[in-house]
Amino acid sequence: MTFTPAVEVRFPDFADHTDSLAGHGVEFFLASNETLRPQFNETPYGHKVTWLDFTETAEKDWSIRDFLNFFNVINGIAFGDRGIPMPQWVMVDLILMPAAALIAGLPQAEFAAMVERSTFRFDTDVKQLLRKVQQDMKDSGYRGPVPVGGYCAAPSAEPGRWTGWSLWSLMPAVGLGKAAKALALSAYRAQKLDGVTQYDNSALKVHTEFGALKILVATVPFHTSPGSFVYQSDLTLPAGAEVPEPTFLLDPFDYSRQRAMQKDIEAGRCDFYVLPPGHVRRDGKTYVPILEKEIPR
């Protein structure tokens, strides 16, 4: 019997542009270790991803170790001033050993062209930092592809439930982030996805393309980034549901309102959902559309 991952059942049209991205030189990789390989779907949305075993020592045309190191470095650059670069041991212990990273790569010539033409509006220093990466590749003799986006998630104690983190892309205008997340969730065979993000994070636009986000925890002051919250995407819900009107628009920096939402959640009074498209503009400001649902008693 053929098993279709939940994300492909609910969102059958996702990653339609994967072939288009491939036509522009993007290659998708799944990095993990050989002992877990049978657990993954290596043809998410019918697209064959390139398998990478981080423990492999055999000689190749290019170094897997260097590729993963550049993934880590560029991942930190992409997150800019949010202050959450990923230590190397985190990548090994929390991604490559228990799970896998879905990584998008570009040939070096296409990467160089992208760096020169892009504006990288999220950080004025990005272009300078990426040029340093190019110099490091040249100095080390690395000839392989360059990571330009990716998605990571780790399995939780509940079967089929994953915890996602580190969605990033240097090519947002072409939907690379959405494609990477869709391919990854299919590769993981995930049914539910938990994650932590921030109300002001532009990634909400991608996350809400996978349906309304149920807010499990409305404020996480322990997190490094202010305005963080915990959400869940249920990929097993029926496809095609209409998006309701928001109950209110949340200022991403209204921490008092976020604390009040958390008190309602803890008291069992209300559930809250972040609705697509994640961010809306009103009077020159960005807000998060929130659906509030009272819990019957």
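Residues numbered from 1 in each chain as written. Predicted model: local features only at pLDDT ≥ 70, side-chain atom pairs only at ≥ 80, totals over all residues. Heavy atoms only, no water.

A. Inspection of the pairing of strand E4 (residues 146–155) at higher detail. In terms of burial, E4 is a largely internal element, nine of the 10 residues being buried. Summarising the sheet, strand E3 (residues 100–106) and E4 pair through seven bridges and their orientation is antiparallel. Paired with Leu-102 across the two strands is Tyr-151, which belongs to E4. Bridge count between E4 and strand E5 (residues 161–169): six bridges; the pairing is antiparallel. Among the inter-strand pairings, Pro-155 is bridged to a residue of E5, identified as Trp-162. (Buried < 20%, exposed > 50% of the residue type's maximum accessible area, 1.4 Å probe, protein only. Helix = DSSP H or I, 4+ residues; strand = E, 2+ residues; numbered from the N terminus. Pairing = 2+ DSSP bridges.)

B. Geometry of the side chain of Asn-41. Along the polypeptide, Asn-41 turns up in the loop between strand E1 (27–32) and strand E2 (50–53). A polar contact of 3.1 Å, which involves the side chain of Asn-41, links it to the side chain of Ser-186. Aside from chain neighbours lying at most four places away, what touches Asn-41 is Pro-5, Glu-8, Ser-186, Ala-187 and Arg-189. (Polar contact = N/O pair within 3.5 Å; in protein donor to acceptor, adjacent residues only side chain to side chain. Contact = heavy atoms within 4.5 Å.)

C. Looking closely at the packing of aromatic side chains. The final tally for this structure, using the stated rule, is 15 aromatic pairs. Measuring from centroid to centroid gives 6.2 Å for Phe-229 and Tyr-231, while their planes differ by 55°, and the two rings are tilted. Neither Phe-229 nor Tyr-231 differs from the other in exposure class; each is buried. Here the aromatic residues Phe-29, Trp-62, Phe-67, Phe-70 and Tyr-142 are joined through ring pairs into a cluster of three or more. Here the guanidinium or amino end of Lys-181 rests over the ring plane of Phe-210, the centre of that ring lying 5.0 Å away. Arg-257 extends its terminal NZ or CZ atom over the ring of Phe-248, reaching a point 3.9 Å from the ring centre. (Phe/Tyr/Trp six-rings, centres within 6.5 Å; stacked < 30°, edge-to-face > 60°. Lys NZ or Arg CZ within 6 Å of the ring centre and 35° of its normal.)

D. Structural detail: the side chain of Asp-53. You can see Asp-53 is positioned in strand E2. Despite its burial, Asp-53 remains without a salt bridge, the nearest opposite charge being carried by Arg-37 at 7.5 Å. In terms of polar contacts, Asp-53 uses its side chain to reach the backbone amide nitrogen of Glu-34, at 3.4 Å. A polar side-chain atom of Asp-53 sits 2.8 Å from a polar atom in the side chain of Thr-55. In contact with Asp-53, not counting residues within four places along its chain, are Ser-32, Asn-33, Glu-34 and Ile-64. (Lys, Arg positive; Asp, Glu negative; His and termini not counted. Salt bridge = Lys/Arg side-chain N within 4 Å of Asp/Glu carboxyl O.)

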